[in-house]
Amino acid sequence: WTLALDWSVNNSRFTWRPATANAAYVVGVWVRNASTTTDAPGASAELPYAITAPAALRVGLTASVQPPQMVGTAITFTAAATGGQGPYQYKWWVNNGAAWTLLQDWTTSSTFRWQPATASAAYVVGVWVRNGSTPTDAPGASAELPYAITAPAALQVGLTASVQPPQ
């Protein structure tokens, strides 16, 4: 047993925030007459109270338009985090096929707008998610979405004459 709150006249509320999961927790209360000075209960009650760990942190990633898209198209990516304990923070990345580049450092925004300036069939957009209270730079979960960006079609022109040469 661990004393959570010493003798008090408050009988209506006790707030407990357990730090760890434990299926065997029991919350107990002792009651005594106010005129009693001994450290012993006149009556007591116990309540088994299991605390479970939160579900594992997970994240999914979607785009506002399907790939491939042309250079210069504004694309909004949305991360959907579940599990863990909120609030969540997100970190946005893009890989050009050779290296990862940070697009947005830790933010509470679950969306990111990307407007690519160069074409690549090898782009991958990534997001990291962590619980908002996690002080480390490591993600609790991550997701990646391959996203091809194409160059605009080359301008082509055709020329015809109304009559055949020679004229």
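The structure presented is a predicted model; accordingly, all values stated were derived computationally and were not measured.

Student: Residues and numbers for the layout of surface pockets, please.
Tutor: The space that makes up the largest pocket amounts to roughly 1,300 Å³. Forming the walls of the largest pocket are 33 residues, and the residues nearest its centre are Leu5, Phe14, Gly28, Val29 and Trp30. Listed by contribution, the elements that provide at least two residues to the lining of the largest pocket are β1 (26-31) and β2 (43-48). The dominant element in the lining of the largest pocket, judged by the number of residues it contributes, is β1, at six residues. Residues belonging to the lining of the largest pocket are distributed by class as follows: 20 nonpolar, eight polar and five charged.

Student: Summarise the sheet that holds strand β3 (residues 58-63); cite the residues concerned and give the values.
Tutor: Taken in spatial order, the three strands line up as β3-β5-β8 in an open sheet, and their pairing is antiparallel. Strands with a single pairing partner mark the edges of an open sheet, and in this sheet they are β3 and β8 (111-114). Each adjacent strand pair in this sheet contributes to an overall mean axis angle of 20°, direction not counted.

Student: Give me the nonpolar core: which residues, what numbers.
Tutor: The biggest cluster of nonpolar side chains holds 22 residues, and the ones touching the most others in it are Phe77, Tyr90, Trp92, Trp114, Val127 and Val129. Those elements that provide at least two residues to this core are β3, β5 (75-82), β6 (88-95), β8, β9 (124-131) and β10 (141-146).

Student: How would you sum up unusual backbone geometry? Please name residues and give values.
Tutor: Cis rather than trans, the peptide bond between Gly86 and Pro87 has omega equal to 0°. Mapped onto the secondary structure, Pro87 falls in the loop between β5 and β6. Of note, the bond from Pro165 into Pro166 is cis; its omega dihedral lies within 30 degrees of zero at -10°. Its place among the elements puts Pro166 in the segment after β11 (149-150).

Student: Mind laying out the pattern of salt bridges, listing which residues take part and the relevant values?
Tutor: All told, the structure shown has two salt bridges when counted by the stated rule. Between Asp105 and Lys91 there is a salt bridge, with its nearest N and O atoms 3.5 Å apart. Here Lys91 lies in strand β6 and Asp105 lies in strand β7 (residues 100-107), a separation of 14 residues in the sequence. The exposure class of Asp105 is partly exposed, given its relative accessible area of 41%. Take Lys91: its relative accessible area is 5%, and that puts it in the buried class. One salt bridge in this structure joins Lys91 and Asp137, with 2.8 Å as the shortest N-O distance. With Lys91 in strand β6 and Asp137 in the loop between β9 and β10, the pair connects residues that are 46 residues apart, well separated along the chain. Residue Asp137 is classed as partly exposed on the basis of its relative accessible area of 43%. Several salt bridges share partner residues, and in doing so they unite Lys91, Asp105 and Asp137 into one network.

Criteria and cut-off values
Residues numbered from 1 in each chain as written. Predicted model: local features only at pLDDT ≥ 70, side-chain atom pairs only at ≥ 80, totals over all residues. Heavy atoms only, no water. 1 Å grid on protein atoms, 1.4 Å probe; cavity = no way out; pocket = protein on both sides within 12 Å on 5 of 7 lines; lining within 4 Å. Points joined across faces, edges and corners; volume = space filled by probe spheres on them. Helix = DSSP H or I, 4+ residues; strand = E, 2+ residues; numbered from the N terminus. Nonpolar A, V, L, I, M, F, W, Y, C, P; charged D, E, K, R; others polar. Pairing = 2+ DSSP bridges. Axes fitted to C-alpha atoms, helices over the stretch in contact; angles between N-to-C directions. Core = buried A, V, L, I, M, F, W, Y, C linked by side-chain atoms within 4.5 Å. Buried < 20%, exposed > 50% of the residue type's maximum accessible area, 1.4 Å probe, protein only. Salt bridge = Lys/Arg side-chain N within 4 Å of Asp/Glu carboxyl O.

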